[in-house]
Amino acid sequence: MYKLIPLSKLPPAEELRRIPINEVGGQSGPPPSTDLSKGDVCKSAVRTKEAKVVSPRNSSISEQPLRQTSGKGTPVGTLPIGPPSNWYQMERDLRELQQQHSCSTGLASKAVDYLCSIEPSKYATVIGQNLDSSCLARLLTAISESSCLSAQDRAHRLTALACLPRFDVAWMLLEDEHRTTAEQLITCLKDDIEPSQHADLLKNYV
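All values derive from a computational prediction rather than experimental measurement.

**What about the overall build of the protein?**
Okay, so step 1: Counting its regular elements, the protein contains nine helices and zero strands.
Okay, so step 2: Helices (α) and strands (β) of the protein occur, in sequence order from the N terminus, as α-α-α-α-α-α-α-α-α.
Okay, so step 3: Relative to its 206 residues, the protein shows a buried fraction of 29%.
Okay, so step 4: In the protein, the share of contacts with a sequence separation of at least 24, taken over all contacts with a separation of at least 6, comes to 66%.

**Structural notes on the packing of aromatic side chains**
Okay, so step 1: With the rule as written, the count across this model stands at three aromatic pairs.
Okay, so step 2: With a centroid separation of 5.2 Å and an interplanar angle of 70°, the aromatic rings of Phe-167 and Tyr-205 are classed as edge-to-face. In this pair, Phe-167 is assigned in helix 7 (residues 167-172) and Tyr-205 in helix 9 (residues 195-205), connecting sequence segments 38 residues apart. The same class applies to Phe-167 and to Tyr-205, which are both buried.
Okay, so step 3: Between Trp-171 and Tyr-205, the ring centres sit 5.3 Å apart and the planes meet at 90°, which makes this aromatic pair edge-to-face. Highlighted residues: Trp-171 in helix 7 and Tyr-205 in helix 9, separated in sequence by 34 residues. The pair formed by Trp-171 and Tyr-205 is uniform in burial state, with each residue classed as buried.
Okay, so step 4: Grouped by ring-pair contacts, the aromatic residues Phe-167, Trp-171 and Tyr-205 constitute a single cluster.

**Description of the nonpolar core**
Okay, so step 1: Membership of the largest hydrophobic core comes to 42 residues, with the highest contact counts inside it found for Met-90 and Tyr-205.
Okay, so step 2: Of all the secondary structure elements, the ones that give two or more residues to this core are helix 2 (87-100), helix 3 (109-116), helix 4 (123-126), helix 5 (133-145), helix 6 (151-162), helix 7, helix 8 (176-188) and helix 9.
Okay, so step 3: With seven residues, the top contributor of residues to this core is helix 5.
Okay, so step 4: Excluding anything up to four places from it in sequence, Met-90 contacts Pro-84, Tyr-114, Leu-115, Ile-118, Val-126, Ile-127 and Cys-135.

**Points about helix 9**
Okay, so step 1: Of all the positions in helix 9, only Gln-197, His-198, Leu-201 and Tyr-205 are classed as buried. End-on view of helix 9: buried residues confined to an arc of 100°, all on one side of the axis. Turned more than 90 degrees away from the buried face of helix 9 sit Pro-195, Ser-196 and Lys-203, all of them exposed.
Okay, so step 2: Looking at the buried side of helix 9, the elements it contacts are helix 5, helix 6, helix 7 and helix 8.

**Examining the packing of helix 3 against helix 5**
Okay, so step 1: Helix 5 packs onto helix 3 with a crossing angle of 100° between their chain directions and a minimal axis gap of 9 Å. If you check the angle between helix 3 and helix 5, you find them roughly perpendicular. When helix 3 is examined against helix 5, the residues Val-112, Leu-115 and Cys-116 are found in contact with a partner set consisting of Arg-138, Leu-139, Ala-142, Ile-143 and Glu-145.

**A few points about the packing of helix 5 against helix 8**
Okay, so step 1: As a packed pair, helix 5 and helix 8 sit with axes 10 Å apart at the nearest point and diverge in direction by 35°. Of the two elements, helix 5 crosses helix 8, and the hand of that crossing is left-handed. Across the interface between the two elements, Ala-137, Leu-140, Thr-141, Ile-143 and Ser-144 of helix 5 pack against His-178, Thr-181, Ala-182 and Leu-185 of helix 8.
Okay, so step 2: When grouped by side-chain class, the residues that make up the contact of helix 5 with helix 8 number five nonpolar, four polar and no charged.

**Description of the pattern of salt bridges**
Okay, so step 1: Taken as a whole, this structure holds two salt bridges when the rule is applied.
Okay, so step 2: The closest approach of N and O atoms between Arg-138 and Glu-91, which form a salt bridge, is 2.7 Å. In this pair, Arg-138 sits in helix 5 while Glu-91 sits in helix 2, placing the two residues 47 residues apart along the sequence.
Okay, so step 3: Owing to a relative accessible area of 23%, Arg-138 belongs among the partly exposed residues under this scheme.

Conventions we followed
Residues numbered from 1 in each chain as written. Predicted model: local features only at pLDDT ≥ 70, side-chain atom pairs only at ≥ 80, totals over all residues. Heavy atoms only, no water. Helix = DSSP H or I, 4+ residues; strand = E, 2+ residues; numbered from the N terminus. Buried < 20%, exposed > 50% of the residue type's maximum accessible area, 1.4 Å probe, protein only. Contact = heavy atoms within 4.5 Å. Phe/Tyr/Trp six-rings, centres within 6.5 Å; stacked < 30°, edge-to-face > 60°. Core = buried A, V, L, I, M, F, W, Y, C linked by side-chain atoms within 4.5 Å. Arc of directions from axis to C-beta. Axes fitted to C-alpha atoms, helices over the stretch in contact; angles between N-to-C directions. Parallel < 35°, antiparallel > 145°, perpendicular 65-115°, else oblique. Left-handed = near helix turned anticlockwise from the far one by under 90°. Nonpolar A, V, L, I, M, F, W, Y, C, P; charged D, E, K, R; others polar. Salt bridge = Lys/Arg side-chain N within 4 Å of Asp/Glu carboxyl O.

Interpretation in functional terms is not warranted from these geometric data alone.
Here you go:
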């Protein structure tokens, strides 16, 4: 029950004080001030500039190990060391050898040795029906440039290539440069192989 108080009995206005009212879920007291003094503004600007200068340097340092470990080059330990057993292995190994030695044109020395490591008796198994003009060009180049093959080794490889099923088509599509390589190679073999063997090579390649 409320009791009315006469206005004459109220205390003076200067003695009255405001009673803070807290709402449910709210925060009491005045809201925090977001104003910064001049000194605080200067310090904040300095810290911002320092962050802009330091952060790129730190990011480059942290990213550097990632770049070093994310390379796609073929490790030396995984390079092929023996002759291939099938066509797909030969093509994959040749790509790796060429990339490892950064050879965009011609054959790398390791690729020459790799192709010459294939025995003529294995040509039908490794190459078979897959012989095309580009493969024939690589093999002719390898046989011509190899320093490990004897005259008989070269002649046997040329003969085995000519016996492959698609040799005629591959030879017909071969560029003149590689045709000349084969003809010069056969000419150089003339004095080191049997006349009948040399005649067979001329029949197939010239």
